[in-house]
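Remarks on the overall topology
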Amino acid sequence: NHKQTTFKKMKKIKMALYTILLISFFSAFTSCNGQNSSKTKEEKTIEIGVTVSKIDNTIWAIYQDKKSNYWFGSKENGVFVYNDQQIKQITVKEGLVSNEIRGFQEDSLGNIYIETERGVSKFDGQTFKTLQIVNPESPSTDWLLEPNDLWFRIGFTNNGVYRFDGEFLHFLKFPKSPQEDALYSKESYNHGLKPYGLYTIYKDRKGFMWFGTASLGFCRFDGKTISWHYEEQLQTTPSGGDFGTRAIFEDKDGKFWINNTHFRYSIKPNSSSILNFQKEDGISYLDEKNIKEFPFFLSITDDNEGNLWMTTYENGVWKYNGKQLIHYPIKDGETDVLLFTVFRDNKGVLWLGSHNAGVYKFNGNSFEKFVK
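Let us look at the structure shown here.

Rules behind the numbers
Residues numbered from 1 in each chain as written. Predicted model: local features only at pLDDT ≥ 70, side-chain atom pairs only at ≥ 80, totals over all residues. Heavy atoms only, no water. Helix = DSSP H or I, 4+ residues; strand = E, 2+ residues; numbered from the N terminus. Buried < 20%, exposed > 50% of the residue type's maximum accessible area, 1.4 Å probe, protein only. Areas by Shrake-Rupley, 256 points an atom, 1.4 Å probe, with all protein chains shown as cover. Polar contact = N/O pair within 3.5 Å; in protein donor to acceptor, adjacent residues only side chain to side chain. Pairing = 2+ DSSP bridges. Axes fitted to C-alpha atoms, helices over the stretch in contact; angles between N-to-C directions. Salt bridge = Lys/Arg side-chain N within 4 Å of Asp/Glu carboxyl O. Core = buried A, V, L, I, M, F, W, Y, C linked by side-chain atoms within 4.5 Å. Contact = heavy atoms within 4.5 Å. Phe/Tyr/Trp six-rings, centres within 6.5 Å; stacked < 30°, edge-to-face > 60°. Lys NZ or Arg CZ within 6 Å of the ring centre and 35° of its normal.

1. Digging into the overall build of the protein
For the protein, the count of helices and strands is three helices and 32 strands. Per-residue burial for the protein yields a buried fraction of 46% across its 372 residues. Summed over all atoms, the accessible surface of the protein reaches about 20200 Å², with 49% contributed by carbon and sulfur.

2. Regarding the side chain of Asn-83
In this structure, Asn-83 sits in the loop between strand 4 (79–82) and strand 5 (87–90). Residue classification places Asn-83 among the buried residues on the basis of a relative accessible area of 4%. Of the polar contacts made by the side chain of Asn-83, one reaches the backbone nitrogen of Gln-85; its length is 3.0 Å. For Asn-83, the side chain forms a polar contact with the main-chain nitrogen of Gln-86, separated by 2.9 Å.

3. Details of the sheet that holds strand 5
Pairing is antiparallel across the open sheet formed by five strands, whose spatial order is 1-5-4-3-2. The open sheet has two edge strands with one neighbour each: strand 1 (50–52) and strand 2 (59–64). Averaged over all adjacent pairs, the angle separating strand axes in this sheet is 25°, with direction ignored. Two strands pair when backbone bridges link them, and strand 2 and strand 3 (residues 70–74) are joined in this way by five bridges, in the antiparallel orientation. Residue pairing across strands places Tyr-63 opposite Trp-71, the latter belonging to strand 3.

4. Digging into the pairing of strand 5
With three bridges joining them, strand 1 and strand 5 adopt antiparallel strand pairing. The partner of Thr-51 across the bridge, within strand 5, is Lys-88. In this sheet, strand 5 lies alongside strand 4 in antiparallel orientation, the contact comprising four bridges. The residue of strand 5 that forms the bridge with Phe-80 is Gln-89. Between strand 4 and strand 5, which pair antiparallel in sequence order, lie four residues; one of them, Asp-84, sits at a positive phi of approximately 75°.

5. Looking at the sheet that holds strand 10 (residues 150–152)
An order of 10-11-12 is seen for the three strands of this open sheet, with the pairing classed as antiparallel. Sheet topology places strand 10 and strand 12 (169–173) at the edges, where each strand pairs with a single neighbour. With direction set aside, neighbouring strand axes in the sheet form an average angle of 30°. Taken together, the five bridges between strand 11 (residues 160–164) and strand 12 define a ladder with antiparallel strand orientation. Counted as the bridge partner of Val-161 is Leu-172 from strand 12.

6. As for the pattern of salt bridges
Across all of its chains, the model carries 12 salt bridges by this definition. A salt bridge links Lys-369 to Asp-332, with the nearest nitrogen and oxygen atoms 3.4 Å apart. Here Lys-369 is found in strand 32 (residues 367–369), whereas its partner Asp-332 is found in strand 27 (residues 331–332), with 37 residues between them in sequence. We classify Lys-369 as partly exposed; its relative accessible area is 38%. On the basis of relative accessibility, which here comes to 31%, the residue Asp-332 falls in the partly exposed class.

7. Side note on the nonpolar core
Within the largest apolar cluster, 28 residues are counted, with the highest numbers of intra-cluster contacts made by Ile-55, Trp-71, Phe-72, Val-79, Ile-90, Phe-104 and Ile-114. Elements with a contribution of two residues or more to this core: strand 2, strand 3, strand 4, strand 5, strand 6 (101–106) and strand 7 (112–116). Ranked by size, the runner-up nonpolar core spans 23 residues in total, among them Phe-208, Leu-234, Phe-263 and Trp-318.

8. Notes on unusual backbone geometry
Here the phi dihedral of Ser-68 falls at roughly 75°; this positive angle occurs in a residue that is not glycine. Positioned with a positive phi, Asp-84 is a non-glycine residue whose angle comes to about 75°. When you line up the elements, Asp-84 lands in the loop between strand 4 and strand 5. Looking at Asp-84, the relative accessible area reads 46%, which means it is partly exposed.

9. Observations regarding the environment of Leu-298
Locating Leu-298 in the fold gives a position in the loop between strand 22 (292–293) and strand 23 (299–302). For Leu-298, a relative accessible area of 16% corresponds to the buried category. Counting along the chain gives 51 residues from Leu-298 to Ala-247, while the straight-line C-alpha distance between them is 5.7 Å. Ignoring anything within four residues of it in the chain, the contact list for Leu-298 reads Phe-243, Arg-246, Ala-247, Thr-311, Thr-312, Tyr-313, Leu-339 and Phe-340.

10. Description of the packing of aromatic side chains
The tally for this structure, following the rule as stated, stands at 40 aromatic pairs. Seen from their ring centres, Tyr-82 and Phe-370 are 5.1 Å apart, and the 65° between their planes marks the pair as edge-to-face. With Tyr-82 in strand 4 and Phe-370 in the segment after strand 32, the pair connects residues that are 288 residues apart, well separated along the chain. Here Phe-370 falls in the buried class, since its relative accessible area comes to 17%. Each ring, one from Tyr-285 and one from Trp-318, has its centre 4.2 Å from the other, and the planes form 25°; the classification is stacked. Pair noted here: Tyr-285 is in strand 21 (residues 285–286) and Trp-318 is in strand 25 (residues 317–320), with a separation of 33 residues, a long-range link. We classify Trp-318 as buried; its relative accessible area is 4%. Among the aromatic residues, those joined into a ring-pair cluster are Trp-143, Trp-151, Phe-174, Tyr-196, Phe-211, Phe-221 and Trp-228. Across the ring face of Trp-60, the terminal group of Arg-102 is positioned such that the distance to the ring centre comes to 3.9 Å.

Written as structure tokens, this is what we have:
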């Protein structure tokens, strides 16, 4: 009996020690997980800037970085960064070169490049640095197409584009457009305008660069040749206004959509300096008078299923599912929301930037105003 009692006591001691060890192990594991979670939150937190309660009403550009921070570029009030917890406003006070934000890009190291009206600011996670321009006008030999280069538009008055090689910005002047003389000879032409002013820069699946101008159509750089293309129907709206080339996009089938849905294009091989397009019918909708309309869009992207989403300034969003155009009116109460841009984030969620009502987010059925 004494032996049995002793054995039972030893067994209880061993079980107690085992329990203590298990508790210690799980406590340490939980602590490590907590540290990792905390570290993740720290990595996502942007320390610089002023904490604010909402994003600006006028948002021209949207981007989500590799750490899942959202960057919203306002027309003239700097950058608004959202990390799922708080919103920070960043302006020239923190080192931005300008508060007029036009776009965002990110390099392989996670540096964020903020395109503004007065230059490009590089953010390394802590501080801002303004990219330096090599010289006012780089030689034609600087027209290169390297995989890691970034391309920027600065301001609207320059006849060219800026290429960043990782160290310097090179200003590259466009070759003369075949349309230039015809444009200048028009009696109706406003000589105060800047026909080469850049509205958009787009990189296609081959890595070729496309540049959409205010009045001369667009050109494409394939690493060797800069090719121009102009069509009246791409530039001029039904009301007679000059739309410029504001949006270019390559869909899942390799077809290009430019400015409106009237046509889509594929490119035939061509040795000349003029792009050889094969034009196909696009897609229309019927208006209230049963007349075919082809939306002019300022921004376009696709979703995870390959559907196209296009923003118009005054007429909401149009979705093209491969068969038809589906309309999504966007309103702020009774007010029509004037749209600038559509962006697909890392998880495939669609966001809209507007001129008068801040940011909207797609919930799977409709676009809702984003409120933190």
